[in-house]
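# Examining the three-dimensional arrangement
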Amino acid sequence: MVQEIKLQGKGVCWSLRLWSAAVISILLLSTCFIASCVVTYQFTMDKINTRLSELHAYHSSFTCFSEGIMMSEKVWSCCPEDWKPFGSHCYLISTVTSNNSSSYWMESEENCSRMGAHLVVIHSQEEEDFITGILNTRLAYFIGLWDTGGRQWRWVDQTPYNESATFWHRGEPNNDNEQCVILNHRWHEWGWNDIPCSHKQESVCQMKKIYL
Ligand code: MMA
Ligand code: CA
């Protein structure tokens with residue numbers, strides 16, 4: 001009888017130790033988990049805030065859209081107010097105000113860049129279709145493509161000019177003295193045309209979305 005009680009006492013002692021070890025481990029693990037959440041959150045917020053304050057110099061408010069279907073992959077993408085979102089970019093139709101310029105194309109690019117953007121760069125049929133869908137068929141718009149000389153076409157964001165993703169009108173480009181490019185509607189079709197940089201045209205600006 002006495003022996004039995006002793007054995008029971010030892011058992012209680014061991015299970016108590018095991019339980020304490022388990023509780024302490026769980027507490028330690030949850031502390032680590034919470035700490036890593038706090039650090040990750042702080043790091044992400046710092047990155048977003050830096051990008052937002054950079055852009056707040058040009059834009060006072062933004063519109064954000066939720067992307068992704070599953071809760072786990074849900075992100076917010078933002079464009080400055082009045083800019084239109086498509087893919088990973090935001091787009092704005094813009095006009096320069098000056099009345100006398102030797103290069104309205106250059107002025108248009110500078111105007112975009114004052115907003116933290118650049119003249120639009122087009123790399124796919126989908127992007128071409130989205131952009132032409134927001135334009136007025138009676139107007140013409142500068143894009144971020146120019147001839148550095150001798151028909152060497154270059155995009156303003158330095159991405160490579162890919163001949164197989166170009167949307168020139170039939171017969172264009174047609175003139176070595178026309179070193180800037182517009183998007184316009186001709187013969188019921190949107191397309192690109194080289195024109196003199198000194199012509200005054202509307203323009204399309206583009207910038208990367210901000211992801212939250
Ligand atoms: C014509 C055609 C174009 C050229 C513009 C210049 C109206 O279109 O020749 O290729 O760029 O003129 O204004
Ligand atoms: Ca032309």
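Each remark here, short or long, concerns the structure printed above.
Before going into details, it helps to say that this report is about the structure given with it. All of these numbers come straight from a predicted model, not from anything done at the bench. (Residues numbered from 1 in each chain as written. Chains lettered and ligands numbered in written order. Predicted model: local features only at pLDDT ≥ 70, side-chain atom pairs only at ≥ 80, totals over all residues. Heavy atoms only, no water.)

### Focus: the coordination of the calcium ion (ligand 2)
Expected angles at a metal are 109.5 degrees for tetrahedral coordination by four donors and either 90 or 180 degrees for octahedral coordination by six donors. Rule in force here: For Na, K and Ca the donor cut-off is 3.2 Å; for every other metal, N, O and S atoms count as donors within 2.8 Å. Water does not enter the count, which can leave sites looking incomplete. Burial classification: accessible surface area is computed with a 1.4 Å probe over protein chains only, and a residue below 20% of its type maximum counts as buried, one above 50% as exposed, and the rest as partly exposed.
Only E172 (OE), N174 (OD1), E178 (OE), N193 (OD1), D194 (O) and D194 (OD) from the protein reach the calcium ion (ligand 2) as donors, at distances of 2.2 to 2.5 Å. Ordering the donors of the calcium ion (ligand 2) by residue number gives the pattern E-x1-N-x3-E-x14-N-D. Owing to a relative accessible area of 9%, N193 belongs among the buried residues under this scheme.

### Thoughts on the site of ligand 1
Where we set the bar: In these notes, residues near a molecule or strand are those with any non-hydrogen atom within 4 Å of it. A 3.5 Å cut-off defines polar contacts: any pair of N or O atoms within that distance qualifies, except that in protein one atom must be a possible hydrogen donor and the other a possible acceptor, and neighbouring residues in sequence count only when both atoms are side-chain atoms. Only the protein chains shown count as cover for residues, and all accessible areas are computed by the Shrake-Rupley method using a 1.4 Å probe. Secondary structure is summarised from DSSP: a helix means a run of H or I of at least four residues, a strand means a run of E of at least two, and numbering begins at the N terminus for each. Residue polarity is assigned by list, with Asp, Glu, Lys and Arg as charged and Ala, Val, Leu, Ile, Met, Phe, Trp, Tyr, Cys and Pro as nonpolar; anything else, Gly included, falls into the polar class.
Around ligand 1, the structure places E172, N174, E178, R186, N193, D194, I195 and H199. Within the contact set of ligand 1, an oxygen atom lies 2.6 Å away from a side-chain nitrogen or oxygen of E172. Between ligand 1 and N174 there is a distance of 2.8 Å, counted from an oxygen atom to a side-chain nitrogen or oxygen. With the chains in place, 51% of the 330 Å² that ligand 1 exposes on its own is no longer accessible. In terms of residues, the shell around ligand 1 owes the most to one element, strand 9 (residues 189-195), which gives three residues. Among the residues forming the shell around ligand 1, the class breakdown is one nonpolar, three polar and four charged.

### Here we look at the environment of E127
Formally: Here a residue-residue contact requires only that any non-hydrogen atoms of the pair lie within 4.5 Å.
Mapped onto the elements, E127 comes out in helix 3 (residues 125-133). On the accessibility criterion, E127 (10% relative accessible area) is buried. Through-space distance from the C-alpha of E127 to that of F86 is 7.9 Å; in sequence the pair is 41 residues apart. Ignoring any residue separated from it by four or fewer positions in sequence, one finds E127 in contact with F86, Y91, V121, I122 and Q206.

### Here we look at the packing of aromatic side chains
Condition: For Phe, Tyr and Trp, where Trp contributes only its six-membered ring, two rings pair if their centres lie within 6.5 Å, and the inter-plane angle classes them as stacked under 30 degrees, edge-to-face over 60, or tilted in between. Only lysine NZ and arginine CZ atoms are considered, and such an atom sits over a ring when it is within 6 Å of the ring centre and within 35 degrees of the ring normal.
Taken as a whole and assessed by the stated rule, the structure comprises seven aromatic pairs. Measuring from ring centre to ring centre gives 5.6 Å for F167 and W192, while their planes differ by 75 degrees; the resulting arrangement is edge-to-face. In this pair, F167 sits in the loop between strand 7 (153-155) and strand 8 (180-186) while W192 sits in strand 9, placing the two residues 25 residues apart along the sequence. There is no split in this pair, since F167 and W192 are both buried. Between W168 and W192 the ring centres are 5.6 Å apart and the planes differ by 75 degrees, which places this aromatic pair in the edge-to-face class. On the criterion of sequence distance, the pair formed by W168 in the loop between strand 7 and strand 8 and W192 in strand 9 is long-range, its members being 24 residues apart. Of the aromatic side chains, those joined through ring pairs into one cluster are W153, W155, F167, W168 and W192. One cation-aromatic arrangement involves R17 over W14; the distance from NZ or CZ to the ring centre is 5.3 Å.

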